[in-house]
Amino acid sequence: MLWRFRRGLGFLAAAVLVLPVAVVPPVSVRAADIRATSGEWRPIEIVVEPFGDGGFADIIADDLNRSGDFRAANRRTASFGKTNDADYAAVRAQGGEYLLVGQVRQNANGESTAAFQLADAITGAMLDDAPLNITFDSGARRLAAHSIGNWIVQKLSGKAGVFHTKVAYILHGAAGGKKVYKLQIADYDGHNAQTVLTSRARLISPAWSPDGNALLYVSFEHRKPVIYWQSLLDGSRRVIANFKGSNSAPAMSPNGRTIAAALTLHGGDQQIYLLDDNRRRRARQSAGINTEPDFSPDGGKLLMTSDEGGTPQIYQLELASGKARRLTFGTRYAVNARYSKDGALMAYVRRDDNRRNNISLMDIGGGAEVWLTDGGGADSPSFAANDTMIMFANENRPNRLHIVSINGKVLSGAGVAEKGAVADPEWSPISSDWF
Amino acid sequence: MKNKTFGKHGVLALVVALAVSGCAQKPQVSGEIIDEEPVPPVVERPIVVPADDPAEDFSAAPDPLDERVTDGLLQRRAVYFAYDKSVVREEYLPLIEAHTGYLLSNPDKGALLEGNTDSRGSTEYNLALGQRRANAVRDIMSAGGVSEAQLEALSYGEGEPRALGNTEAAWAENRRVDIRYRDE
């Protein structure tokens, strides 16, 4: 099997041509900060050989560690470089169940090839007969490593890997003593950030189109919140909602035909509307603020924040019937809910007994829930495309993306290259035409 | 009923006219005086701005919003709120009423009511909360008779913090509606 990767599929060139975009060159960020909790946990144990290329194996090991399904050690065993007669006893002594051996070689044309093979450290058997190869140019080195991580996830846990996916977020920076807002897209681990839009006016609430080819966001460039749609293929953009009052909190339906948004058409509190090509209809009649809509994967329901009961709480609205059911109790502050990609779970920001905001994960059907963070300051959760991890922002450590595994066992930070605070991170769908 | 369009100075004119008439005459003629009495020149001057005399420009009249003129409630522009609340506290009613009175007296003036929140919690809920705080101040002014055209309630949410930092003091400062006049 052979994969071939080159970075920069159209978007970079298109963005440079069409938009006044400053493409941020890849800058190395601090080493991954990954913290696994103690307690009951049975991850898949894997030892990753160094690949003979500084840092390449680290990318794979960091990916696997962040997922919460693996415990990956990147270290040299006695068998380094010997694919077929590895010292499995040494691997097992390190707790390893699997061993990933590999080597990166420079090719004559300037490209590189990573050859790798996965062995069962208990039996000593290779999982594939021959080594696999990925050839990549220098710009795609991280992507090649992420792809090996994806392959291992698929092979050993049966889930689709998401280490090649992206995150969109707003970077709150400064230039010349003035605030600058950047809508950026980066690899899920913070590398390879690209700026889609730079603005002196505030930007908030980016949201992906389901096909990953466009973003919705809110800009204050006209002094009030207006919703825009912007293509990531050619950089074109258009206004989605610029009605009287405030236009914000956009979300696109799974079929891409409807946009839910919070509007203040009649001068009162924010209310959720559904915007189709020619229609605008209110999703629900209720008192109080109704905002932060998120479509269920089947498109039939919305999660939303409403304070009709006096405090903000999460409700699930059935669009066909207009009936809403309150999902959160026992806190005075529950906001910013997102469906898991399979629709069974939701992650949201819940104020704990110490008045700190943390991420809580709830089984929507049964109502059971668990805390995923405990440090406070957490905001804006969104699920990875395979539901193994949740990305969020943290105002206490703002210059990075924060990721927690869905089982709550691994909390990791991923620094962003530019100075500034990361707000409103949104994890991308699993693929698009440009990454 | 044309007096109603005179605004502050028209109201003053009536008060002056009634006071004068009250001194000079007994009640039976007071109603007619309102209708027939031309506006006294001394208070008419700021209303009918002579186009050929810049020195008589309206802006030359003392404006109670100007802190050099008065140091009263109109100089206070901030209404503060409790955490996650949008109910206007009673202590701010005199301030809002003072601005209500000013807007009633100056129908050519318009005010922006700018809602803000502290930085905690969700960006979007804070945007909505700031809007509701601004709406709450707007509704009190509307109930006081200020026309809708004079008022615009908007929200910056957590986006324009006046105080930086994650302290109780900074958060409290940022839970606020600012009353800002359009021509300022």
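What you are looking at is a predicted structure, and each value in this text was computed from that prediction instead of being measured.

Looking only at helices and strands, one finds 4 helices and 31 strands in chain A. Going through the 435 residues of chain A one by one, you find that 57% of them count as buried. Sequence separation of at least 24 residues holds for 46% of the intrachain contacts in chain A that already meet a minimum separation of 6. Carbon and sulfur atoms make up 49% of the accessible area of chain A, which amounts to about 17300 Å² in all.

Another point: the pairing of strand 25 (residues 357-363) of chain A. Residues and elements named next belong to chain A. Counted residue by residue, strand 25 has 6 buried out of 7 residues, so it is predominantly covered. Hairpin connection from strand 24 (residues 345-351) to strand 25: 5 residues lie between these consecutive antiparallel strands, with R355 at a positive phi of about 60°. Turn length for the strand 25-strand 26 (residues 369-371) hairpin, with the two strands adjacent in sequence and antiparallel, is 5 residues, and the turn residue G367 shows positive phi of about 90°.

The relative placement of two packed helices comes down to the angle between their axes together with the axis-to-axis distance. All names here are of chain A. The geometry of helix 2 (residues 56-67) relative to helix 4 (residues 141-157) is characterised by a closest axis approach of 9 Å and an angle of 45° between their N-to-C directions. One way to sum up the angle between helix 2 and helix 4 is to call them oblique. Here helix 2 runs over helix 4; the crossing is right-handed. Contacts from F56, I59, I60, D63 and L64 of helix 2 reach helix 4 at R141, R142, A144, A145, H146, I148, G149, I152 and V153. Within the contact of helix 2 with helix 4, the residues separate by chemical class into 9 nonpolar, 2 polar and 3 charged.

So, about the side chain of N116 of chain B. With respect to the helices and strands, N116 of chain B occurs in strand 2 (residues 111-116). Aside from chain neighbours lying at most four places away, what touches N116 of chain B is G130, R133, Y156, G157, E160, N174, R175, R176 and D178 of chain B.

On to the sheet that holds strand 18 (residues 280-282) of chain A, then. Through backbone hydrogen bonds, the strands of a sheet pair up, either in parallel or in antiparallel fashion. All names here are of chain A. Taken together, the 4 strands give an open sheet; going across it, the order is 15-16-17-18, and neighbouring strands pair in antiparallel fashion. Edge positions in the sheet fall to strand 15 (247-252) and strand 18, since each has one partner strand and no second. In this sheet, adjacent strand axes meet at a mean angle of 30° when their direction is disregarded.

Throughout the structure, instances matching the rule amount to 26 salt bridges over all chains. The residue E45 of chain A makes a salt bridge to R71 of chain A at a minimum N-O spacing of 2.7 Å. Here E45 of chain A is found in strand 3 (residues 44-48), whereas its partner R71 of chain A is found in strand 4 (residues 70-74), with 26 residues between them in sequence. Between R141 of chain A and D53 of chain A there is a salt bridge; the shortest N-O distance is 3.2 Å. In this pair, R141 of chain A is assigned in helix 4 and D53 of chain A in the loop between strand 3 and helix 2, connecting sequence segments 88 residues apart. Residue class for R141 of chain A comes out partly exposed when judged on its relative accessible area of 25%. What you see here is one network of salt bridges that share partners, running through R162, E173, R176 and D178 of chain B.

Turning next to the sheet that holds strand 1 (residues 78-80) of chain B. Residues and elements named next belong to chain B. With respect to topology, 4 strands assemble into an open sheet ordered 1-4-2-3, the strand pairing being mixed. Unpaired on one side and paired on the other, strand 1 and strand 3 (151-157) mark the two borders of the sheet. Each neighbouring strand pair of the sheet contributes to a mean axis angle of 20°, computed without reference to strand direction. Alignment of strand 2 against strand 4 (residues 176-181), held across 6 bridges, turns out to be antiparallel.

Another point: the nonpolar core. Most often, soluble globular proteins have nonpolar side chains that are buried together. Counting 46 residues, the largest nonpolar core has F51, F56, L100, I148 and I152 of chain A as the members making the most contacts within it. In terms of residues, this core owes the most to one element, helix 4 of chain A, which gives 7 residues. With 23 residues, the next largest nonpolar core counts V88, L113, V146 and L151 of chain B among its residues.

Further remarks concern helix 5 (residues 123-143) of chain B. All names here are of chain B. For helix 5, spanning 21 residues, the distance from its first C-alpha to its last is 30 Å, which sits close to the expected 30 Å at 1.5 Å a residue. Of all the 21 residues making up helix 5, 17 are buried; the element is thus mostly covered by neighbouring parts of the structure. Backbone geometry just downstream of helix 5 places G145 in the positive-phi region, at approximately 110°.

Bringing the packing of aromatic side chains into the picture now. All names here are of chain A. Going through the model one piece at a time under the given rule, you end up with 10 aromatic pairs over all chains. Their ring planes at 75° and their centres at 5.3 Å tell us that F116 and W151 sit as a pair that is edge-to-face. In this pair, F116 is assigned in strand 6 (residues 112-120) and W151 in helix 4, connecting sequence segments 35 residues apart. Here F116 and W151 have matching classes, each one buried. Sitting over the face of the ring of Y315, R284 holds its NZ or CZ atom 5.3 Å from the ring centroid.

Residues and elements named next belong to chain B. Confidence in the prediction of chain B, expressed as mean pLDDT, is 73, and 62% of residues score 70 or more. This stretch, residues 1-59, has a pLDDT under 50; its non-local contacts, to residues over four places away or in other chains, come to 31 contacts. Of the two predicted TM-score estimates for the complex, the pTM is 0.83 and the ipTM is 0.87.

Before going further, it helps to examine the interface of chain B and chain A. The partner chain A presents 35 residues to the 29 residues of chain B that form the contact. In this assembly, chain B packs against chain A so that about 2400 Å² is buried in total across both faces, 41% of it on carbon and sulfur atoms. On the chain B side of the contact with chain A, T123, E124 and Y125 of chain B bury the most area, a combined 25% of that side's loss. Across the contact surface, chain B and chain A share 2 salt bridges. In this structure, the salt-bridge partner of D269 of chain A is R132 of chain B, at a minimum N-O distance of 3.3 Å. If you look at where chain B meets chain A, you find 15 residue pairs in polar contact (both at pLDDT 80 or more). Within the residue set of the side of chain B that touches chain A, elements represented by two or more residues are helix 5 and strand 3 of chain B. Sorting elements by how many residues they give to the side of chain B that touches chain A places helix 5 of chain B first, with 11 residues.

Cut-offs used in this document
Residues numbered from 1 in each chain as written. Chains lettered and ligands numbered in written order. Predicted model: local features only at pLDDT ≥ 70, side-chain atom pairs only at ≥ 80, totals over all residues. Heavy atoms only, no water. Helix = DSSP H or I, 4+ residues; strand = E, 2+ residues; numbered from the N terminus. Buried < 20%, exposed > 50% of the residue type's maximum accessible area, 1.4 Å probe, protein only. Contact = heavy atoms within 4.5 Å. Areas by Shrake-Rupley, 256 points an atom, 1.4 Å probe, with all protein chains shown as cover. Pairing = 2+ DSSP bridges. Axes fitted to C-alpha atoms, helices over the stretch in contact; angles between N-to-C directions. Parallel < 35°, antiparallel > 145°, perpendicular 65-115°, else oblique. Left-handed = near helix turned anticlockwise from the far one by under 90°. Nonpolar A, V, L, I, M, F, W, Y, C, P; charged D, E, K, R; others polar. Salt bridge = Lys/Arg side-chain N within 4 Å of Asp/Glu carboxyl O. Core = buried A, V, L, I, M, F, W, Y, C linked by side-chain atoms within 4.5 Å. Expected span 1.5 Å × (residues − 1). Phe/Tyr/Trp six-rings, centres within 6.5 Å; stacked < 30°, edge-to-face > 60°. Lys NZ or Arg CZ within 6 Å of the ring centre and 35° of its normal. pLDDT = per-residue confidence, 0-100. Buried area = accessible area lost by both parts, 1.4 Å probe. Polar contact = N/O pair within 3.5 Å; in protein donor to acceptor, adjacent residues only side chain to side chain.

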